[in-house]
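# Secondary and tertiary structure notes
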Amino acid sequence: MILPIYIYGHPVLRAANAEVTPDYPGLHDLINNLKETMYNSEGIGIAAPQVGVNTKVVYIDVDVLAEDMPELKDCRLTLINPVVTVDETAPIVSREEGCLSVPGIHENVRRHEKIHLHWTDENWQEHDQDIEGYLARVVQHECDHLDQKLFIDHISPIRKQLIRSKLNNMVKGNIRCDYRIKVAPRNRKR
Ligand code: NI
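Residues numbered from 1 in each chain as written. Predicted model: local features only at pLDDT ≥ 70, side-chain atom pairs only at ≥ 80, totals over all residues. Heavy atoms only, no water.

## Points about the sheet that holds strand β3 (residues 57-61)
Strand order in the open sheet formed by five strands is β2-β3-β4-β7-β8, with antiparallel pairing between adjacent strands. Strand pairing shows two members of the sheet lacking a second neighbour, β2 (45-47) and β8 (126-132), which therefore form its edges. Adjacent strand axes in the sheet meet at a mean angle of 35°, parallel and antiparallel pairs treated alike. Pairing between strand β7 (residues 114-120) and β8: seven bridges, direction antiparallel. Its bridge partner being in β8, L117 is matched across the sheet by Q129. On top of the sheet, helix α1 (residues 27-40) reaches β2, β3 and β4 (76-86); it is set at about 40° to β3, its chief contact. Contacts between helix α2 (residues 134-146) and the sheet are confined to β2, β3, β4, β7 and β8, with β4 contributing the most and set at about 85° to the helix. (Pairing = 2+ DSSP bridges. Helix = DSSP H or I, 4+ residues; strand = E, 2+ residues; numbered from the N terminus. Axes fitted to C-alpha atoms, helices over the stretch in contact; angles between N-to-C directions. Contact = heavy atoms within 4.5 Å.)

All quantities given are derived from atomic positions and should not be read as evidence of function.
Right, here's the structure in full:
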């Protein structure tokens, strides 16, 4: 099922996300909904809070980028309870990012080039892997969502100032989008 994507300003994106336990009801439905919703909006990664579910689940499919980055061929990951450890010795690289929850905004974000990732997959198998390059960036972006962070939290105050009015419009629900969205509830009039 394609779900609406929650937009910047909605409190669900800043709420704490719970660890998933094996008895979590509807885990496979949630994962399928994340996939459908992400493909429908042409994203390469999505986190459960972006569809209004505050749990630690992420889906990533960067295969679409394989023409430019062959190492991403067939690269699809379902991450349950992921834990990212950045490799502090690795270089920090700046590259443009966007986010389905912050439509129309693309900004350079500085991130570590290498990470270690521990996660559980949809079959409840645990994995440990060193990841680098563009995939490391996507994993960090998506796992940030699980820590209530958005990519625009990483940009400089000056850049933030430049996109301030666009962000304010998002909060007010003054945006257009090709996919179904859910904006922040309006403040009650007194
Ligand atoms: Ni995002």
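Back to the text.
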